[in-house]
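Now for the letters of each chain:
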Amino acid sequence: MRKKIVAGNWKMNLSLEEGQSLHKTINSELEGASANCEVYHFTPSIYLTSLINEDQKVQVGAQNGHPEKSGAFTGEISMSQLKAIGTQAVLIGHSERRQLFNESDSFLKEKVDAALSEGLKVFFCCGESLEQRENGDYNTTVVNQLKNALFHLDSTDFQKIVIAYEPIWAIGTGKTASPEQANEMHQNIRKSFAHAYSKEIAEDISILYGGSCKPSNASDLLTQSDIDGGLIGGASLKAEDFLAIISTYK
Ligand SMILES: O=C[C@H](O)COP(=O)(O)O
């Protein structure tokens, strides 16, 4: 059965002290609470070692990783280096990486392979631009992103993969997809897995929504039939907001 997951993507925000304090607060609030959803913090890589602690409720992930194990890639961190320090998960394919750092589907595919070979859990992001939404190309765009980076994998690999659907026009804009628009895309994504693999894989994979999700709209979005949680940006930076979103699954 697929899992509910709420993940915070801090992006390039928070000082180390702020990050440690936020992580500590979320962990202590969840301590002893019944586990109805998994919770992740995707933090700046430089903070990972100070936050990773296997005994805590909130799992810690990186926002990026390089597919090569080692070599002359100044400024990069490999998936194997992430794994070596105990990182539990990695974000791959976030639209900010695709757009601002020109990451192509084929490069993302290499990252997915490298992350899985290290045993990292992959949160694979997909989503269409406003133009693609308006000209009706959104379903094809998103399915192609999945096909190009994921559909070469074995069925068993999907135990380590979570999909995050993030319409680019909803990220950090205050505009959200309506619950119906988001759910329709999640159903479409699930169908593409059923078509490429099997009904079982499609039913088992967790698909998160991301894009201006906040306490006021979380319960409408995150309780849709095919939405299994959220990848939260801005609203993950304040403990009160992030906890309110997590409480959707209480
Ligand atoms: O990874 C998170 C998404 O980019 C959503 O960000 P946002 O909640 O600030 O719109």
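Residues numbered from 1 in each chain as written. Predicted model: local features only at pLDDT ≥ 70, side-chain atom pairs only at ≥ 80, totals over all residues. Heavy atoms only, no water.

As recorded in an unreviewed UniProt entry, the protein chain goes by the name Triosephosphate isomerase, listed as coming from Brumimicrobium aurantiacum. Regarding the protein chain, the relevant UniProt record gives this comment under Sequence similarities (unreviewed entry): "Belongs to the triosephosphate isomerase family." According to UniProt, the comment filed for the protein chain under the heading Subunit (unreviewed entry) is "Homodimer." (UniProt positions renumbered as here; feature names shortened; annotations may be inferred.)

Another aspect to go through is the confidence of the model for the protein chain. Per-residue confidence for the protein chain gives a mean pLDDT of 96, with 99% of residues at or over 70. Interface scoring of the predicted complex returns ipTM 0.98; its pTM is 0.97. (pLDDT = per-residue confidence, 0-100.)

A pair of packed helices is characterised by two quantities: the angle between their axes and the separation of those axes. Viewed as axis vectors pointing N to C, helix H7 (residues 138–150) and helix H8 (residues 179–196) meet at an angle of 40 degrees, and their least axial separation amounts to 10 Å. Classified by the angle between their axes, H7 and H8 sit oblique to one another. The element H7 and its partner H8 pack so that their crossing is right-handed. Here H7 contributes Tyr138, Asn139, Val142, Val143, Leu146 and Leu150 to the contact with H8, which in turn contributes Glu184, Met185, Asn188, Ile189, Ser192 and Phe193. (Axes fitted to C-alpha atoms, helices over the stretch in contact; angles between N-to-C directions. Helix = DSSP H or I, 4+ residues; strand = E, 2+ residues; numbered from the N terminus. Parallel < 35°, antiparallel > 145°, perpendicular 65-115°, else oblique. Left-handed = near helix turned anticlockwise from the far one by under 90°. Contact = heavy atoms within 4.5 Å.)

In this section: helix H5 (residues 105–117). Under the 1.5 Å per step criterion, the end-to-end length of H5 is 18 Å for 13 residues, consistent within 8% with the ideal 18 Å. Of the positions making up H5, those classed as buried are Leu108, Lys111, Val112, Ala114, Ala115 and Leu116. (Expected span 1.5 Å × (residues − 1). Buried < 20%, exposed > 50% of the residue type's maximum accessible area, 1.4 Å probe, protein only.)

Attention shifts here to the site of the ligand. Residues in close proximity to the ligand include Asn9, Lys11, His94, Glu166, Ala170, Ile171, Gly172, Gly211, Ser212, Leu231, Gly233 and Gly234, which together make up its full environment. Ser212 places a polar main-chain atom, nitrogen or oxygen, 2.7 Å from an oxygen atom of the ligand. Contact with the protein chains hides 94% of the accessible area of the ligand, taken as 310 Å² for the molecule alone. For the shell around the ligand, the per-class residue count stands at three nonpolar, seven polar and two charged. (Near = heavy atom within 4 Å. Polar contact = N/O pair within 3.5 Å; in protein donor to acceptor, adjacent residues only side chain to side chain. Areas by Shrake-Rupley, 256 points an atom, 1.4 Å probe, with all protein chains shown as cover. Nonpolar A, V, L, I, M, F, W, Y, C, P; charged D, E, K, R; others polar.)

Helical periodicity: at 3.6 residues per turn, an α-helix aligns residues three or four positions apart in one direction. The end-to-end C-alpha separation of H7 is 18 Å, in line with the 18 Å expected for 13 residues at 1.5 Å each. Within the sequence span of H7, burial applies to Tyr138, Thr141, Val142, Val143, Gln145, Leu146, Ala149 and Leu150. On its buried side, H7 packs onto helix H4 (95–100), H5, strand S5 (121–126), helix H6 (130–134), strand S6 (161–165) and H8.

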